Amino acid sequence: MKVKVISRSTDEFTRERSQDLQRVFRNFDPTLRTQEKAVEYVRALNAAKLDKIFARPFIGAMDGHIDAVSAMAKNPANLKWLFSGSMDGDIRLWDLATRQTVCQFPGHQGAVRGLTASADGRVLVSCGTDSTVRLWNVPLPSHAQDDSSDNEAKPLATYVWKSAFWGVDHQENGELFATAGAQVDIWNHNRSQPINTFEWGKDTAISVRFNPGEPNVLATSGSDRSITIYDLRLSSPARKIIMQTKTNSIAWNPMEPMNFTALNVQEKRKSVFYTWVGALLFTYGLRLDFVLYNLLHVSSHAALGCWLLTCYLANEDCNCYSYDVRKMNEARCVHRDHVSAVMDIDYSPTGREFVTGSYDRTVRIFQYNGGHSREIYHTKRMQRVFCVKFSNDGSYIISGSDDTNLRLWKAKASEQLGVPEAVSSIAESFACLQLLPRERKNHEYLEAVKNRYKHLPEVKRIVRHRHLPKPIYKAASLRRIMTDAQRKKDERRRAHSAPGSIINKPLRKRRIIKEVE
């Protein structure tokens, strides 16, 4: 006779030490849990609803400027310090933890158009419409005072030039920085005159950005609607692309240094937004379209001879387009959302998403390869957004707007920051916002479940839904009506014309005019 019994040895499930992990026995046979998918679907649905319930992205505002915020820069050496400049020439250093001013940098007599910090965070470079470049000594965190009303810094050096400046950027490693104005000038900290000057045509350069991976390569945008690549090892520019509208700002993807993003200036209330490789975004006018250029490979030669790009461009028709620079006559993908000019863009340190600030008074977060924005932030009091930045850890977003305020947002609207313990100051509470291990595991599980069932209609509807301000909602509706009307008009024109007389040129083939080498 056979007798079946359950036999379990204590050695198999008893821990030798209290720090050891508990051994858990599970049978993963799917026939034992016939309702597993149904249960996970309900969990995904509930998780999507809870995200909407607990979505509170706005953390606080930082006021102190008396004019519109026109420029911002991060301190690479300090996680919670941020520089901002306004249209009246005021420059401030902010502590994001306390949302207080640490130090002021007075001196500019006109609008501050560019801010950048050296790699070690010790030197701040500013430029503006008063035709001056100023270098400032950034105070150490140990010397920063909580009450900074009388804490004003003196410039280390002031360089007066012949024309106004519109942008500045510093090398990731080195003492060189570049300014954009009537031409592109390369400066050294220890020289009062530019050590090199680049010029292609007679138009003004609007923005400039160094490549984070190759310090000798930089990209600029000009008022002649061009985007130009320069190499400091060459005596002339390497490549130039002419767009249909001017480019306002450029940003490189930090994780894919061959990629960069650019924004286009408003022209007659129109702006363009372009993106290179994983992120070259440009903003086009009142109606914004994004075209991202994604550089897949860049030659190590000084001539930059073989750049393989995939581009993303923002056009006047409010759409975004993904381009491969190897085949620039056709876009790979179309992205949509903003209803007005995009003024600034910045990448997350992960390089997987970017944030944009727009003339329509909203801040949007896009996946680097997403067709629609992942998130939209807005408040009743926030006016036109002129500059945006991701924090150095990618957890927060800072926006500067026309209402003189900087605003601090969570990068993930429903993210639980945790409950601070008994601490003595706001700064300590900012540092103590951490989740317990069980909470973190639960959040990761719910995110995985939502991602698994995100294609199902009910989950997809809840995740995508956003409450929009009425002007933006109406503008988006009007844009859809205009797009449908134009599409029907083109179809009728082709139907009543001779075969082949009207070529159906798709929307993906319209943005780039030509490329010059």
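Residues numbered from 1 in each chain as written. Predicted model: local features only at pLDDT ≥ 70, side-chain atom pairs only at ≥ 80, totals over all residues. Heavy atoms only, no water.

In the nomenclature of an unreviewed UniProt entry, the protein is known as DDB1- and CUL4-associated factor 13 of Salvia splendens. Within the UniProt record for the protein, the comment given under Subcellular location (unreviewed entry) is "Nucleus, Nucleolus". As stated in UniProt under Sequence similarities (unreviewed entry), the record for the protein gives "Belongs to the WD repeat DCAF13/WDSOF1 family." (UniProt positions renumbered as here; feature names shortened; annotations may be inferred.)

Q: So what exactly am I meant to see when it comes to the UniProt feature "repeat: WD" (unreviewed entry) in the protein here?
A: Mapped onto this numbering, the UniProt entry annotates "repeat: WD" (unreviewed entry) at residues 62-104, 105-138, 335-376 and 378-419. Between the first and last C-alpha atoms of residues 105-138 the distance is 9 Å; the span itself is 0% helix and 53% strand. (Helix = DSSP H or I, 4+ residues; strand = E, 2+ residues; numbered from the N terminus.)

Q: Would you explain the sheet that holds strand β32 (residues 406-410) in this entry?
A: Backbone-to-backbone hydrogen bonds join strands into a sheet, with any given pair of strands oriented parallel or antiparallel. Spatially, β1-β32-β31-β30 is the arrangement adopted by the four strands of the open sheet, whose pairing is antiparallel. Two strands in the sheet have a free side with no partner beyond their single neighbour: β1 (58-62) and β30 (385-390). Sheet twist, expressed as the average angle between the axes of neighbouring strands with direction ignored, equals 20°. One ladder, built from four bridges, connects β1 with β32; its direction is antiparallel. Counted as the bridge partner of G60 is L408 from β32. (Pairing = 2+ DSSP bridges. Axes fitted to C-alpha atoms, helices over the stretch in contact; angles between N-to-C directions.)

Q: Sorry, what's going on with the nonpolar core here?
A: General note: in soluble globular proteins, nonpolar side chains tend to be found buried as a group. The biggest cluster of nonpolar side chains holds 16 residues, and the ones touching the most others in it are F83, I91, L93, F105, L115 and L124. Tallying contributions element by element places strand β6 (residues 112-117) first for this core, with three residues. With near-sequence residues (within four places) excluded, L93 lies in contact with W81, L82, F83, Q100, T101, V102, C103, F105, V138 and P139. (Core = buried A, V, L, I, M, F, W, Y, C linked by side-chain atoms within 4.5 Å. Buried < 20%, exposed > 50% of the residue type's maximum accessible area, 1.4 Å probe, protein only. Contact = heavy atoms within 4.5 Å.)

Q: Which parts of the structure should I look at to understand the packing of aromatic side chains?
A: Any aromatic ring pair is given by two values, namely how distant the centres are and how the planes are angled relative to each other. Applying the stated criterion to the full structure yields 12 aromatic pairs. Measuring from centroid to centroid gives 5.2 Å for F58 and W409, while their planes differ by 65°, and the two rings are edge-to-face. One end of the pair, F58, is in strand β1; the other, W409, is in strand β32, and 351 residues separate them in sequence. Look at F58 and you get partly exposed, because its relative accessible area is 38%. The exposure class assigned to W409 is buried, which follows from its relative accessible area of 1%. When the ring of F165 is compared with that of W187, the centres are 6.4 Å apart and the planes differ by 70°; the resulting orientation is edge-to-face. You can see F165 sitting in the loop between β9 (155-160) and β10 (167-170) and its partner W187 sitting in strand β12 (residues 184-188), a full 22 residues away along the chain. Of the two residues, F165 and W187, both sit in the buried class. An aromatic cluster is defined as three or more aromatic residues linked by ring pairs; in this entry it consists of Y159, W161, F165, F177 and W187. (Phe/Tyr/Trp six-rings, centres within 6.5 Å; stacked < 30°, edge-to-face > 60°.)

Q: What is the right way to look at the sheet that holds strand β3 (residues 81-86) in this model?
A: The strand order β2-β3-β4-β5 describes an open sheet built from four strands, whose pairing is antiparallel. Only two strands of the sheet have a single partner each, and these edge strands are β2 (69-74) and β5 (100-104). Ignoring strand direction, the axes of neighbouring strands in this sheet form an average angle of 30°. Where strand β4 (residues 91-95) lies against β5, four bridges are found, and the strand directions are antiparallel. Of the residues in β5, the one forming a bridge with L93 is C103.

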